[in-house]
Amino acid sequence: MKTNILYGHDILSVDQFSEESLQLIFSTADNMRILVAQKGGDECLKRTIMTALFYEPSSRTFGSFITAMQRLGGGCIPLQGVTYSSVAKGETLADTVRTFASYSDVVVIRHPEIGSAKIAAEFSEKPVINAGDGTGEHPTQALLDLYTITRHFPTLKNITITMVGDMLNGRTVHSLAKLLSIFQGVTLQFVSPSILRFPEGLQKKLTDRGVTVRTFERLDTALPETDVLYVTRVQKERFTDLDSYEKLKHCYVITPKTLEHMKKDAIVMHPLPRVGEIAMDVDLDPRAVYIREEMGNGMYIRMALLKLILLP
Ligand code: NCD
């Protein structure tokens with residue numbers, strides 16, 4: 001049997017992944033898909049407890065981590081919104097994390113500040129999984145996004161991924177772009193208004209790794225080449241000036257007309273939630289995978305991660 005290189009490890013950033021670890025996670029996720037279809041789950045994580053410590057709103061990440069743990073026979077401490085915990089009394093992140101690390105076997109954390117998951121991991125004796133640290137990273141979303149892409153483009157050879165929307169603040173964009181840079185021959189196209197441009201330092205990292213990067217302000221120019229259209233929400237919670245958010249929120253809206261300019265075998269993705277940037281009637285197009293595949297893949301990926309981190 002192959003050694004489990006993830007056992008006991010934190011998941012803090014996509015920088016920690018290699019082709020080898022991705023292969024392990026994706027093949028385990030494939031097994032989870034079969035397991036759920038056949039039996040709904042198993043008991044491999046019986047008497048194992050996960051804390052889900054969410055300082056920011058979440059539906060899919062929170063819900064899929066909880067169900068992933070339960071499908072593997074484990075239990076959860078679900079803390080969604082910290083209003084009713086001691087955080088509301090002013091407790092520090094360090095003390096909160098140490099508390100829940102002493103009760104449970106793994107801590108999943110979402111927090112508004114960049115670097116918060118790393119700080120949590122420094123204080124936790126148990127593995128910590130970053131479920132989003134401000135505008136920084138969202139590694140488990142990037143894993144489920146890449147998993148979804150590889151189910152359509154298994155080799156990732158010469159594919160063009162176009163990311164559109166809030167390139168500046170979107171942590172899913174930052175993580176997925178970095179994760180894709182592991183692979184040779186990937187082209188990334190970033191489409192955004194100039195004030196929501198992809199961060200320059202991060203872009204340099206990508207080009208240094210050999211990724212071809214193109215930036216656009218207009219979506220139509222980027223469409224014909226596109227294999228994967230990754231649509232994102234303008235991140236309202238990162239704006240101090242809500243007037244400019246209102247002006248920008250619908251800077252790009254994907255409609256069935258948009259898809260007329262795309263390849264027949266392209267796919268359209270969105271980490272969700274969407275707040276108007278993809279029209280509802282796009283859902284009917286067979287290329288739209290955000291509801292049919294992407295969100296469900298989140299559960300299989302998180303089942304795989306929990307199993308790999310918690311069992312040798
Ligand atoms: C994303 C997030 O929280 O960064 N949501 C998610 O986890 N699927 C994307 C977003 O909120 O726009």
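Just above sits the structure.
Residues numbered from 1 in each chain as written. Predicted model: local features only at pLDDT ≥ 70, side-chain atom pairs only at ≥ 80, totals over all residues. Heavy atoms only, no water.

Caption draft 1: Spatial organisation of the packing of aromatic side chains. Tallied over the entire structure, the rule returns five aromatic pairs. With a centroid separation of 5.9 Å and an interplanar angle of 85 degrees, the aromatic rings of F100 and Y103 are classed as edge-to-face. Taken together, the residues span about one helical turn, with F100 and Y103 both in helix α3 (residues 93-103) at a distance of three residues. What makes F100 buried here is its relative accessible area of 14%. (Phe/Tyr/Trp six-rings, centres within 6.5 Å; stacked < 30°, edge-to-face > 60°. Helix = DSSP H or I, 4+ residues; strand = E, 2+ residues; numbered from the N terminus. Buried < 20%, exposed > 50% of the residue type's maximum accessible area, 1.4 Å probe, protein only.)

Caption draft 2: Just the sheet that holds strand β3 (residues 106-111), in detail. Spatially, β2-β1-β3-β4 is the arrangement adopted by the four strands of the open sheet, whose pairing is parallel. Each edge of the sheet is formed by a strand with only one pairing partner; in this case those strands are β2 (75-80) and β4 (128-133). Strand-to-strand, the axes of this sheet are offset by a mean angle of 10 degrees, without reference to chain direction. Two strands pair when backbone bridges link them, and β3 and β4 are joined in this way by four bridges, in the parallel orientation. Bridging from a neighbouring strand, V108 pairs with I129 of β4. Where α3 meets the sheet, its contacts fall on β1 (49-54), β2 and β3, and the angle it forms with β3 comes to roughly 150 degrees. (Pairing = 2+ DSSP bridges. Axes fitted to C-alpha atoms, helices over the stretch in contact; angles between N-to-C directions. Contact = heavy atoms within 4.5 Å.)

Caption draft 3: The arrangement of the nonpolar core in detail. Core analysis: the largest hydrophobic core is formed by 67 residues, its most contacted members being M163, L188, F190 and L306. Here the element with the most residues in this core is helix α10 (residues 290-310); it accounts for ten residues. Residues in contact with L188, not counting those within four places in the same chain, are I161, M163, A177, L180, L206, V211, T212, V213 and R214. In this structure, A222, L223, V231 and A288 belong to the second largest nonpolar core, which totals 18 residues. (Core = buried A, V, L, I, M, F, W, Y, C linked by side-chain atoms within 4.5 Å.)

Caption draft 4: Highlighting the layout of surface pockets. Volume-wise, the largest pocket comes out at about 450 Å³. Looking at the largest pocket, it is lined by 21 residues, and the ones nearest its centre are R110, R171, R233, L272 and P273. Listing elements by their share of the lining of the largest pocket, those giving two or more residues are α2 (60-71) and α6 (171-180). Its residues placed into classes, the lining of the largest pocket shows four nonpolar, ten polar and seven charged. (1 Å grid on protein atoms, 1.4 Å probe; cavity = no way out; pocket = protein on both sides within 12 Å on 5 of 7 lines; lining within 4 Å. Points joined across faces, edges and corners; volume = space filled by probe spheres on them. Nonpolar A, V, L, I, M, F, W, Y, C, P; charged D, E, K, R; others polar.)

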